[in-house]
Amino acid sequence: RKAAPWEPRTLAALELPGAMAEASAARPSEGTGRPNRWIMFVAGQRVCPLCSFCTFFLTGMLFALVFVREAIEKSDAIFSFDAQVVRSDVDVQRYYAFRAARGEELQTGCGDEQHQARGVCEDDEQCEWSSQRCEDKQVCPHPDPKPRQSMLLYRGAPAWAGIVYEAKNGRSLLDDDMLGYIDKFERILLTTANGAVNSSGDLSPWDQDWCLKAYPAGNDGHPGKCAATLSVLNLFSMNAHGRQVTARQVAEGFTAAGPLSCLCSDADALCSVCTPEGGLKGFGGDPAHFSLDAWPADVVSCAARYAAQNADSAEQRANRTQKESMCSRTLTGSSVQDLLPVLTSLCAWKPTCQWEPPGGGFCSSTAFYRATDGDGLVEGAEKERVMSRMCDEQDLKWMGMRKSFLPASFDCQSEDKKAQFARTTFFPGGDGKDAEGENFETNYVGGMRGWFMSEQALEMQIEKESGGDLRVMLFSASTLRQQFLGILIVDMCLSITSLVLVWAYMWWTLESAFLASCAMFEILFSLPVAMSLWTVICRQQIQFFQMLTVYMILGIGADDAFILQDAWLQSRYLGGEETDGDWKTRFAWAYKRSFNAMAVTTATTCGSFLIGAFSPLPQVRDFCIFAAVVVFVDWVFCETFFASAIVVHERFLGCGFQKGQCMGPGCCCGLWRCCAAACCKSLVGEIPPPGAPPQKRAMERWFEGSLFNSLVKGRCGFIVLWCVVIIGMCANAGISLRTATKANPQGRESLDTIRGAEILANEFTVFGVPAVSMVWGLDDEQPISEWGSTHADNVASHSPAAIASFVSPEGQRELLSLCRAADRG
């Protein structure tokens, strides 16, 4: 048939050979090929050629803009990363009923909700605005800090930096060589910072420019020195050299213990002022008859120096107001008589007064900076003594240090006492102003040669030297954003790579960059449309797992595009009399043929997901419902936007050359077929002559040939094989399925930020001393009477019977026993 004058030349149907025409006439009818009004609209024949294409495109953009507007208005409230609760479970109800009955701790005074506004806080005489929040005004205000005496603030909070260590390959961090690697790492990091430079390109050593400083008491002219860090190495630093340095620093005034530091010595023995029976020498119970004659001479002379300082302080306090005098009193200025109750209590424990590592108590220095003041670690008997002391429940100081640096899984009862994890914390010094924190991040931490990149290089160096036995993980308030940004960039690159690969495969298969791009639009815009329906109409938050539907819809959307495009290509040769060689009837035939196929697959897929809507697990339920909506929207877009894109491509972007020819399909539009035909014709097959139907693709030939014949011949064996596989999988699931003993990993454990956060959460006490709370009187059958929009709005259900048993004498005794059990831990 010749093309009509108004019909584009590329749409003119080719005359079929006689044999093909007879085969086409003999083929049974598969439905009318006459287009109805809807198909005519999709094909651009009702209004204008591009109206339908543009309408569907703008519809997708409109839904996307609605979602963007909703996201801007609600900000991050439109997303939810909190784990949803299974409200039907009684144990879950009891937990949230317990929280509702206990109530949340209410902030009072300057910390209440009204004082969150800076103006209200500053107008209240009892309050002051500090570090981006309102605080109670200090009764005894601190003097202005000296240079780097305060912690550097970053976004209103201390700019802490932490290091998490993990022993690999069955090693222990307490082995001498492993402690040596840690020592080398911290010594370099806390001094030269591995050659870190500032924004000007100048070397900026940590111990010279950034370390938190300590200043001696009673010596205002001292320039100060780097303060002690909270390092796991502190536990093993008090060898002979460490004790000597500590004694010298305490003598210079780097102590907060005042006269109590006079009791300390180099010997690991009972305090020289205590009796073997647990009493205080020279003290019989009456402070009036206390005498220093029984104390060692060196302790008496040390106490005399503090007494002289106390006399000067007392003379100064005499000329001050009562408040100023009270605020000026410190432990350093206390007399021995004032400390008699403390000394009596101390001697009752029969303690040793050997010099101790930082944080150990009154026998430690506030300026023992391990990176510059330490020289080696304890070994042999001294190390065994340290291990014994930190596992002694009577030695509260050493046990507290052990819990600060070593994990909760550290077993003091085992013989080898292995530690798989440890941590170190330190702080940069500043003036207490937020602006300095921004400068610290911008001019020192960031940059290719800044502190963060230098630390990362040092990590890799130490891990390599340890032979993979040690893993070092940095945590820092000023680098967390950069670390997580790096993770997001990698994930974003992986996501973009998957999108590009799918688009490239569609380009190869459809042999049209335009159609591949339209198919990708159909796939990607199904997400914002579904999100706008989910958030605007259903008024639901978007969960983290729902974002993963993008990878699912990539495959489903591409399949739908292939089905519609293949039906369009087949219509030229398989439509028969129904198409009559006209492009409009061809499109109608292809549209109806693909519509039924995609409708069935979409219905089954959506139905499968909707079954998950009945799951009691909220994450599973919301994901399945959202996925069903995304699949349905993608199908709608395929039957509207992509279908109209096929017509636009055929009418306005088609070319008059054959496949495999220069400027033909697969060259200017796909590039694949032209290059493949020139290099290896077997990849694409022989190029059919004009008017001949296309040859079957290699995959089609394999499916209907080799695979089909193999399945027919060995059908019984394949059935038995699959039955065995299914039974084995079910048996394995039934035998191996166990209740989870720990939380799922937060992410890839190869990432230091993720692995370190998991170790801190599971192995260390991050939020201080654990608190014990108890609630009585909850209804056992229905603990929650009303679920609120937030957990704080939940209403607990009380049981009169439970309350009656609680107030009985037996219930009161049980309560007392429970409280005592909490005290015992």
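Only a predicted model underlies this, so the values are computations on that prediction, with no experimental measurement involved.

**Q** Is there a simple way to think about the overall build of the chain in this case?
**A** On a plain count of helices and strands, the chain comes out with 28 helices and 15 strands. For the chain, the proportion of its 825 residues judged to be buried stands at 40%. Taking all contacts inside the chain whose residues are at least 6 apart in sequence as the whole, residues at least 24 apart take part in 71%. Carbon and sulfur atoms form 59% of the exposed surface of the chain, whose accessible area is close to 45300 Å².

**Q** Is there a simple way to explain unusual backbone geometry in this structure?
**A** Most peptide bonds take the trans form, and the phi angle of most residues other than glycine is negative. For Ala 193, which is not a glycine, the phi torsion comes out positive at approximately 55°. Positive phi outside glycine occurs at Lys 417, with the angle close to 50°. For Lys 417, the location among the structural elements is in the loop between helix H14 (396-405) and strand S10 (421-426). Since its relative accessible area comes to 17%, Lys 417 is described here as buried.

**Q** Would you mind showing me how to read the pairing of strand S7 (residues 161-167) here?
**A** Taken residue by residue, a regular strand's side chains alternate between the two faces of the sheet. Judged by how many residues are buried, S7 sits mostly within the fold: seven of seven residues are covered. Neither face of S7 is left uncovered, since the one carrying Ala 161, Ile 163, Tyr 165 and Ala 167 and the one carrying Gly 162, Val 164 and Glu 166 both have all their residues buried. Where S7 and S10 come together, six bridges link them in antiparallel fashion. If you follow Tyr 165 over to S10, its bridge partner there is Ala 422. As paired strands, S7 and strand S12 (residues 470-476) are joined by seven bridges and run antiparallel to one another. Bridge pairing in S12 places Ala 161 opposite Ser 476.

**Q** Can you help me understand the packing of aromatic side chains in this one?
**A** Ring pairs (aromatic) are described by centroid distance and by the angle formed between their planes. Overall, the coordinates contain 33 aromatic pairs when judged by the stated rule. Between the aromatic rings of Trp 206 and Tyr 444, the centroid separation amounts to 6.5 Å while the plane-to-plane angle is 35°, which identifies the pairing as tilted. Taken together, the positions of Trp 206 in helix H7 (residues 206-209) and Tyr 444 in helix H15 (residues 434-445) put the pair 238 residues apart, joining distant regions of the chain. Side by side, Trp 206 and Tyr 444 carry an identical accessibility label, which is buried. With a centroid separation of 5.1 Å and 75° between ring planes, the pair formed by Trp 702 and Phe 703 is classed as edge-to-face.

**Q** Please explain the state of the cysteines as it appears in this structure.
**A** Working definition of a disulfide: a covalent bond connecting the sulfur atoms of two cysteines. All chains considered together, the criterion is met by nine disulfides. Disulfide pairing places Cys 48 opposite Cys 51 at an S-S distance of 1.7 Å. Taking the sign of the torsion about the S-S bond as the criterion, the disulfide between Cys 48 and Cys 51, at about 105°, is right-handed. Between the sulfur atoms of Cys 262 and its disulfide mate Cys 302 the distance is 2.0 Å. Taking the torsion about the S-S bond as the criterion, the Cys 262 to Cys 302 disulfide, at about -70°, is left-handed. Taken together, the residues span a long stretch of sequence, with Cys 262 in the loop between helix H8 (240-252) and helix H9 (297-318) and Cys 302 in helix H9 at a distance of 40 residues. Here Cys 262 and Cys 302 have matching classes, each one buried.

**Q** Looking at this structure, how should I read the sheet that holds S12?
**A** The strands that make up a sheet pair up through hydrogen bonds in the backbone, lying either parallel or antiparallel. One open sheet holds the three strands; their spatial order is S10-S7-S12, and the pairing between them is antiparallel. The sheet is open, and its two edges are formed by S10 and S12, each paired on a single side. Adjacent strand axes in the sheet meet at a mean angle of 20° when their direction is disregarded. Seen against the sheet, helix H26 (residues 752-763) touches S7, S10 and S12 and runs at an angle of roughly 85° to S12.

**Q** Can you help me understand the pattern of salt bridges in this one?
**A** Enumeration according to the criterion identifies 24 salt bridges in this entry. For Asp 183, the salt bridge is made with Arg 370, and the minimal N-O distance between the two is 3.0 Å. Placement of the pair is Asp 183 in helix H6 (residues 176-189) and Arg 370 in helix H12 (residues 370-373), with a sequence separation of 187 residues. For Glu 356, the salt bridge goes to Lys 397, with nearest N and O atoms at 3.0 Å. In this pair, Glu 356 is assigned in the loop between helix H11 (340-348) and H12 and Lys 397 in helix H14, connecting sequence segments 41 residues apart.

**Q** Would you mind showing me how to read the nonpolar core here?
**A** When a protein is soluble and globular, its nonpolar side chains tend to lie buried together. Ranked by size, the top nonpolar core spans 60 residues in total, and within it Met 506, Leu 564, Phe 587, Phe 626, Phe 641 and Phe 642 carry the most contacts. In terms of residues, this core owes the most to one element, helix H22 (residues 618-653), which gives 17 residues. Contact partners of Phe 642, with chain neighbours within four places excluded, come to Leu 510, Leu 515, Cys 518, Ala 519, Glu 522, Ala 561, Leu 564 and Phe 637. Core analysis: the second largest hydrophobic core is formed by 54 residues, Leu 406, Tyr 444, Leu 458 and Leu 474 among them.

**Q** Help me out: how do you make sense of the packing of helix H3 (residues 51-74) against H22 in this one?
**A** When two helices pack together, their arrangement is given by the angle between the helix axes and by the axis-to-axis distance. Contact geometry for H3 and H22: axes closest at 9 Å, N-to-C directions at 140°. Considering the angle they form, H3 stands oblique to H22. Handedness of the crossing formed by H3 with H22: left-handed. Between H3, through Ser 52, Phe 53, Phe 56, Phe 57 and Gly 60, and H22, the contact on the second element is made entirely by Phe 637, Thr 640, Phe 641, Ser 644, Ala 645 and Val 648. Broken down by class, the residue content of the contact of H3 with H22 amounts to seven nonpolar, four polar and no charged.

**Q** In this structure, what is going on with a nonpolar patch on the surface? I would like to understand it.
**A** A cluster of nonpolar side chains, Leu 711, Phe 718, Leu 721, Trp 722, Val 725, Ile 726 and Met 729, forms an exposed patch at the surface whose accessible area comes to about 680 Å². Ranked by the residues each element gives to the nonpolar patch, the list is headed by helix H25 (residues 715-736), at six residues. Examined against the element boundaries, Met 729 turns out to sit in helix H25.

**Q** Any chance you could explain the side chain of Arg 148 here in plain terms?
**A** By the secondary structure assignment, Arg 148 is in the loop between strand S3 (133-136) and strand S4 (150-151). Lacking a salt bridge, the buried Arg 148 has Asp 209 as its closest oppositely charged neighbour, with an N-O distance of 5.5 Å. At 3.2 Å, the side chain of Arg 148 forms a polar contact with the backbone oxygen of Gln 208. A polar side-chain atom of Arg 148 sits 2.7 Å from the main-chain carbonyl oxygen of Cys 211. Setting aside anything within four residues of it in sequence, one finds Arg 148 in contact with Asp 207, Gln 208, Asp 209, Trp 210, Cys 211, Leu 212, Lys 213, Gly 429 and Gly 430.

What counts and what doesn't
Residues numbered from 1 in each chain as written. Predicted model: local features only at pLDDT ≥ 70, side-chain atom pairs only at ≥ 80, totals over all residues. Heavy atoms only, no water. Helix = DSSP H or I, 4+ residues; strand = E, 2+ residues; numbered from the N terminus. Buried < 20%, exposed > 50% of the residue type's maximum accessible area, 1.4 Å probe, protein only. Contact = heavy atoms within 4.5 Å. Areas by Shrake-Rupley, 256 points an atom, 1.4 Å probe, with all protein chains shown as cover. Pairing = 2+ DSSP bridges. Phe/Tyr/Trp six-rings, centres within 6.5 Å; stacked < 30°, edge-to-face > 60°. Disulfide = S-S within 2.5 Å. Axes fitted to C-alpha atoms, helices over the stretch in contact; angles between N-to-C directions. Salt bridge = Lys/Arg side-chain N within 4 Å of Asp/Glu carboxyl O. Core = buried A, V, L, I, M, F, W, Y, C linked by side-chain atoms within 4.5 Å. Parallel < 35°, antiparallel > 145°, perpendicular 65-115°, else oblique. Left-handed = near helix turned anticlockwise from the far one by under 90°. Nonpolar A, V, L, I, M, F, W, Y, C, P; charged D, E, K, R; others polar. Patch = residues over 30% accessible without salt bridge, like charges linked within 9 Å, V, L, I, M, F, W, Y side chains within 5 Å. Lys, Arg positive; Asp, Glu negative; His and termini not counted. Polar contact = N/O pair within 3.5 Å; in protein donor to acceptor, adjacent residues only side chain to side chain.

Nothing here speaks to function; it is all geometry.
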